[in-house]
Structure formats: C-alpha cells, structure tokens
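One letter stands for each residue in the lines below.
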Amino acid sequence: MARWEAPPSWGVGAHGKHLKNLYVYFWRWATWKVFGSGQHAATGLPDADEEGIICYITVAGFLNGPGFQKMRADLRESCSDIWVIDCSPEGHQPEVATRIFQGVQQPVCIVIAARKRGKDGKRPARLRYRALPEGRREQKFEALAALSLDDSGWVEGADVWRDSFLPEATGAWAEFHELAGLFVYDGSGVMPGRTWVIAPDKETLAARWQRLVAENDPIEKERLFHPHLRDGKPGDKHIGKAVKSGLRGHASRLGTIKADSGDIIAPTAYALRSFDRQWVIPDARLINQPNPALWDGYSRQQVFLTAPEDRTPENGPAVTMADLIPDLHHYNGRGGRVYPLWRDAAATQSNIRPAVLATLSETYGIEVAPEDVMASIAALLAHPAYTERFQADLVQPGLRLPLTADAALFGEAVALGREVIWLQTYGERFADPAAGRPKAPPRLPPEQAPRIPAGGAIPIVPAPLPEEMAYDPATRRLTIGDGFVDNVMPEVFAYEVSGKPVLRQWFSYRRRDRTRPVIGDRRPPSPLDAIQPESWLPEYTTDLMNLLHVLGRLVLLEPLQAALLQKVLDGMLIPVERLAPAADDRGDSPPA
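Residues numbered from 1 in each chain as written. Predicted model: local features only at pLDDT ≥ 70, side-chain atom pairs only at ≥ 80, totals over all residues. Heavy atoms only, no water.

Trainee: Could you give an account of the overall build of the protein chain, with specific residues and numbers?
Mentor: When helices and strands are counted, the protein chain shows 15 helices and 20 strands. Taken over C-alpha atoms, the radius of gyration comes to 26 Å for the protein chain, in line with the 25 Å a tight globule of 592 residues would show. Expressed along its principal axes, the backbone C-alpha trace of the protein chain runs to roughly 80 × 65 × 50 Å. A burial count over the protein chain gives 50% of its 592 residues as buried. Intrachain contacts of the protein chain at a sequence separation of at least 6 include 74% that bridge at least 24 residues. Here the protein chain displays about 26800 Å² of accessible surface, and carbon together with sulfur accounts for 54% of that area. (Helix = DSSP H or I, 4+ residues; strand = E, 2+ residues; numbered from the N terminus. Rg over C-alpha atoms; globule rule 2.2 N^0.38 Å. Buried < 20%, exposed > 50% of the residue type's maximum accessible area, 1.4 Å probe, protein only. Contact = heavy atoms within 4.5 Å. Areas by Shrake-Rupley, 256 points an atom, 1.4 Å probe, with all protein chains shown as cover.)

Trainee: Can you lay out the packing of helix α4 (residues 202-214) against helix α5 (residues 218-225) for me, pointing to particular residues and giving the numbers?
Mentor: Packing of α4 against α5 brings their axes to within 9 Å, and their N-to-C directions diverge by 155°. Between α4 and α5, the crossing angle belongs to the class labelled roughly antiparallel. The segment α4 lies against α5, with R211, L212 and V213 engaging E220, K221, L224 and F225. (Axes fitted to C-alpha atoms, helices over the stretch in contact; angles between N-to-C directions. Parallel < 35°, antiparallel > 145°, perpendicular 65-115°, else oblique.)

Trainee: An account of helix α13 (residues 538-570) is requested, with residue identities and associated values reported.
Mentor: Over its 33 residues, α13 extends 49 Å from the first C-alpha to the last, a length consistent with the 48 Å expected when each residue adds 1.5 Å. If you look at α13, its biggest bend is around 35°, right at L557, and the proline P559 turns up within four residues after that. (Expected span 1.5 Å × (residues − 1). Bend = angle between axes of the 7 residues up to and from the residue.)

Trainee: Hey, could you go over the sheet that holds strand β18 (residues 483-485) for me, with residue numbers and the actual values?
Mentor: In space, the 3 strands of this open sheet follow the order β16-β17-β18, with antiparallel pairing throughout. Two strands bound the open sheet, and with one partner strand each, they are β16 (469-472) and β18. Averaged over all neighbouring strand pairs, the angle between strand axes comes to 20°, with direction disregarded. Judged from the 3 bridges that link them, strand β17 (residues 477-480) and β18 form a sheet pairing that is antiparallel. Note that in β18 the partner of I480 across the bridge is G483. (Pairing = 2+ DSSP bridges.)

Trainee: Account for the pattern of salt bridges, with residues named and values stated.
Mentor: A side chain of one charge can pair with a side chain of the opposite charge when the charged atoms of the two come close. Counted by the stated rule, this structure contains 25 salt bridges. Close ionic contact of R510 with D276 constitutes a salt bridge, the shortest N to O distance being 2.9 Å. Of the two residues, R510 is situated in the loop between α12 (502-508) and α13 and D276 in strand β11 (residues 276-280); the sequence distance between them amounts to 234 residues. With a closest N to O distance of 2.8 Å, E412 and K567 form a salt bridge. Taken together, the residues E412 in helix α10 (residues 407-424) and K567 in helix α13 connect sequence positions 155 residues apart. You can call K567 partly exposed: its relative accessible area is 40%. The network of salt bridges with shared partners includes R253, D260, D283 and R285. (Salt bridge = Lys/Arg side-chain N within 4 Å of Asp/Glu carboxyl O.)

Trainee: Tell me what's going on with the pairing of β17, and back it up with residues and numbers.
Mentor: Here β17 shows a buried face lined by L478 and I480 and an unburied face lined by R477 and T479. Linkage of β16 to β17, two consecutive antiparallel strands, is achieved through a turn of 4 residues, within which R476 is found at a positive phi near 60°. Counted between consecutive antiparallel strands, the loop separating β17 from β18 contains 2 residues, among which G481 sits at a positive phi close to 60°.

Trainee: Can you lay out the packing of α10 against α13 for me, pointing to particular residues and giving the numbers?
Mentor: When two helices pack together, their arrangement is given by the angle between their axes and by how far apart the axes lie. The geometry of α10 relative to α13 is characterised by a closest axis approach of 10 Å and an angle of 160° between their N-to-C directions. In terms of axis orientation, α10 runs roughly antiparallel to α13. Crossing geometry of α10 relative to α13 is assigned as left-handed. Contacts between α10 and α13 pair L409, E412, A413, L416, E419, V420, W422, L423 and Q424 from the former with V550, R553, L554, L557, L560, Q561, L564, K567 and V568 from the latter. (Left-handed = near helix turned anticlockwise from the far one by under 90°.)

Trainee: Residues and numbers for the side chain of D283, please.
Mentor: Positionally, D283 belongs in the loop between β11 and α6 (292-296). For D283, a relative accessible area of 2% puts it in the buried group. A distance of 2.8 Å separates a polar atom in the side chain of D283 from a polar atom in the side chain of R285. Residue contacts for D283: discarding those within four places in its chain leaves W209, L247, R253 and I265. (Polar contact = N/O pair within 3.5 Å; in protein donor to acceptor, adjacent residues only side chain to side chain.)

Trainee: Describe in detail the sheet that holds β11, supporting the description with residues and values.
Mentor: Overall, antiparallel pairing links the 3 strands, which are arranged β7-β11-β10 in an open sheet. Only two strands of the sheet have a single partner each, and these edge strands are β7 (198-199) and β10 (268-273). Inspection of the sheet shows β10 paired to β11 by 5 bridges, in the antiparallel sense. Counted as the bridge partner of A269 is W279 from β11.

Trainee: Explain unusual backbone geometry residue by residue, including any values.
Mentor: Residue P462 follows V461 across a cis peptide bond; omega there is 5°. Tracing the backbone shows P462 in the loop between α10 and β16. The phi dihedral of Y426 falls on the positive side, at around 55°, and the residue is not glycine. Structurally, Y426 is set in the loop between α10 and β16. The backbone of F430 shows a phi angle near 60°, a positive value even though the residue is not glycine. Mapped onto the elements of the fold, F430 is located in the loop between α10 and β16.

Trainee: Kindly report on the environment of W161, identifying the contributing residues and their values.
Mentor: One can find W161 in the loop between β5 (155-156) and β6 (177-178). Accessibility expressed as a relative area gives 3% for W161, which makes it buried. Sequence separation between W161 and P7 is 154 residues; the distance between their C-alpha atoms is 14 Å.

What follows is the structure, encoded as structure tokens:
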C-alpha cells in the first residue's frame, strides 16, 4: 500500500487511515497484478507494455476522499480510460429499497479501469462518469443492463492527477469557488475515541475521572478506560501509555493513567455538535487523536467553520460555526472538515489564502480582512436556502461559494455573516454592541422570546432526570419531563443540520437514558458512561434557553440570507480562474 500513501507535502496524512479499508486492498492487489508495479520483481526491468482491465463494485469513498489522492493519481497514470458508474445517487444511508446491496449503507460505485498498449504515463487517463437513476434497485439493474461504454450518457471527468473521479462542475455551479480552495489548511476535528471524556457538565467528568483513578485492579481499570483493541490488544491510548506533550493551553500531565492518582485536568468547553456546547477533559492521554493543530491555534479570536466532506448536506445550513474546538463529528454528528479562521493562537496568521485576500482587496478597492471572508461564507452558505437551491449540484460532495464582484454586495454579506457567526458562537465572536451584538448570549425580542411561565420550571433535585421531550405547535409549548417552555417557534423545534434535529439531539445527551445503540459488532461503551447526574441541572435549563434564542434568531435571519444569495447570483461573480490554487496545489503535474 506504500505506493498509494500520499507524501507529507500534500497535507492529507490524517486521511491515510482510510487506505486500510479492505476494498482498497483489493484494488491495490488488482492494479499490481494487471498493471504491474513499475518494474519486474525478478529482473528489476520496467514492466512489459501490456493491456488489461479491472472492474469492481465497491464503496465509493475513494472517488473523492482526500486520503485517496495518490491512489487516483496512480490509476490515472496506469490507465488509458476509466469509467465510473454511481450506483447510489441518493447519497449516504439511502432507503433500503434503493440500495444495490441492501445491507450496505455507504454509497457504492462500479469502476472500470482499462489500459491500452502504448499508454503515455505523462498523460492522465480519460475519465467518464454517469449516475444510475434514483429509485428502486430494480430500476438500477435495468439501467445497468441497457448502458454501454460508448453511448451518450457519460459525462467527462477531470483530467487533473489527484482530482476526484467525479464529473466536473457545470452550469452556474462551475462558476463558484471550491470552499477548500479558499483556505490554507483544513483538517479533522478532535476524535476522542471514547465517549466518557465528554459530558454536558463538568461535575460528571470529575466523577468519572475519580472512579477511574480510584480503581486498583489494572484489568478493571483498563476496561473503564476503554482502549481501542487491535488484534485483541490495546491500541492508540491505554492506561500504560505515556505521552510526549499535553494540549496547549491546558495542564500537561505526561505519565501513564495507571500511575496517576491526581485530580482531573480541568475540563474545557467543547463544540461537540452544531449548536451543542459540552465539556471535554483536555488530557492528551485520554484522546485518541486530539489534532494538536486545533489546540495550538486556539484563541479568543478563533472561529472554526465545520462542513461535510464526503457526503451531501440534506437540509438546513451547509456549514456551521464554533468558537470552541470542534469534535470530529461536529457538523450533524458525522465526520467532516474543520476550517479555522486563524493558523496561530496570536491570530496574526490568516488561514484564508493570501492570494484570495489580495484578489478580493483589488476587486473591491478596499482592504479585505480574513474575518470578512469567513463572514461572507457564513452569510451565503449557513442557511437552508443554499442547501435547497443547489441540492442537485450537491449530490456530489463538495461545497462551493459564489463570490460577488460587487463591493457593496460583498459588504452586505460581511455584515450579515458577522451576525450569523455571532449567533452560532453564542455571542462569543464578532460581538459589536453598536450593531446590536453584545458580548453575551443572544436574545430574541421579548414578543418572540421563549419563556418559562410560573409552574413550568423543569424539576431538579430530588426529581429524576426527564425521559421525554415533546412539542405542541398549536400552543408553541416545548415540554421536557414535567417542565415546559412556552412561545417556542415551530421552526425552532424543527431546525435541522443535514437531517439531524438539533433540539432532539441536544436533549438526547441530557435525558435519563443516554445510551446509544450498539451497531454491528462494536463493543459496548465504558461503564464510566453510566455516571451522570441523577437530576436535571439548572445549567441545563440555561443552556436550553440560550439554544432556543440562538435558533430563533437564526430562523429570523434566513429570509435575509436567501435574498442576499439571490442578489449575488443575479450579479457579476469573480471568475473561478482568478482565485484558483496554483498548479502544484491542484496536482496538475504527473505523480512522483
């Protein structure tokens, strides 16, 4: 597999783990057998110039995943022609009746990779793509039986070495700028690897830690810690593993958990999910993949944009913002990408590409700051109208931003986007009292604000934690156990981030039964997960009210964002070519 491992200069090393999927090994074995390895194993001479064909139906992640860039470049170098058939146009986790394989939730594809004699390794293979029709699998089988490799149903794909095996953007969508191309760096969020290190309150984390360090039996202590297992043995982090460094901004404890009897490293606020702020133990010994770049670049000026990577947003905002270090699954509970505003903790090194800032400044005749670009993204992408309007284009993953050439319109986007970010960060970023954005949790106007009437308080001690949450649109009442909140907008209760209902997901982490279904052969979680408050905490109510106010104000902004998007689309746009990354960044040169 070393042949398909991307060099460090490509900056996709964090995604290399995806090459370990079994289907990728099948692909690598087939390419070695059919196309050779570059030289004969026995003689050391170049492989014979031979023809061959490989055809697989597999999971489709390698078509555009960043960790597969070297694999795609190698196939383009080895092959003359590549045909891709998308068998899952419905996207991730489609209805069972639409799946080619009923038990496979991931999108799948058929790929035919062919090599002719005399293939020029300095010219990438010709790529053609088509998608089967949406609908039941019987319809897909009929479409497969009718297609041929030379009919008119194929769309040309990119001829850039490392680019995706997807069709090039067409129509208005092709005039928008790729989101990733605006930033210097993007990476994964924090992957804790164990759920017990996160909780909605600090007291729960302290109790879990105390239970762990108080355990004297090393076998039971390991079970409580809950390490990942590799061949039956603990891998990644475990109670006997020390670390070389802690996480910047937090106490550094490097010795093993087995020998630790001290107090917990003070929990820190953490962006677990979009709009759900919880707490995490910032201990490098507990977190499998903390992504030090996020901690090293964190400050009170930092803003993190999170977006889906290998799947399409279904509804709601296409991106979400956070002022806290985000979880790997921050955007709607699934993996995605994190785009920081700044590359350093001093907030002096912009993560917006210098060429982008320079081009925008030249176009508008004013100095464009990194914060302005981030705000414009929030204004245009962080609302349902964007996701709905471009749903057909978004079937293939990858967000794009229409950038206006009008300075006044860009100014409108910046002003509106600053309010969006202020709201999504609960008033912690882009505060401006003169513009009605105080450095405090946002609040709706009194007539639209949620309120807890007399007798509606959610019971605390000694009442048990509530188990159910319900909503009555007729009375606008949100009920949680024996308590309730009045004047909650229906749009607030229905607010979703790509299919995930925000309020229901928020409550699922604070209800009495917080267990999650164990999928497949996964191990049950650590017993430490069962440690939680016995009663509803007053801070939960505070968090809930803050959330209702934030969602309510975002709902009120949505018509303004939709109107702004329409004005941008109706006007002149900055051509894609003016902001395109350099050739080396795009992989326009043959692979090494």
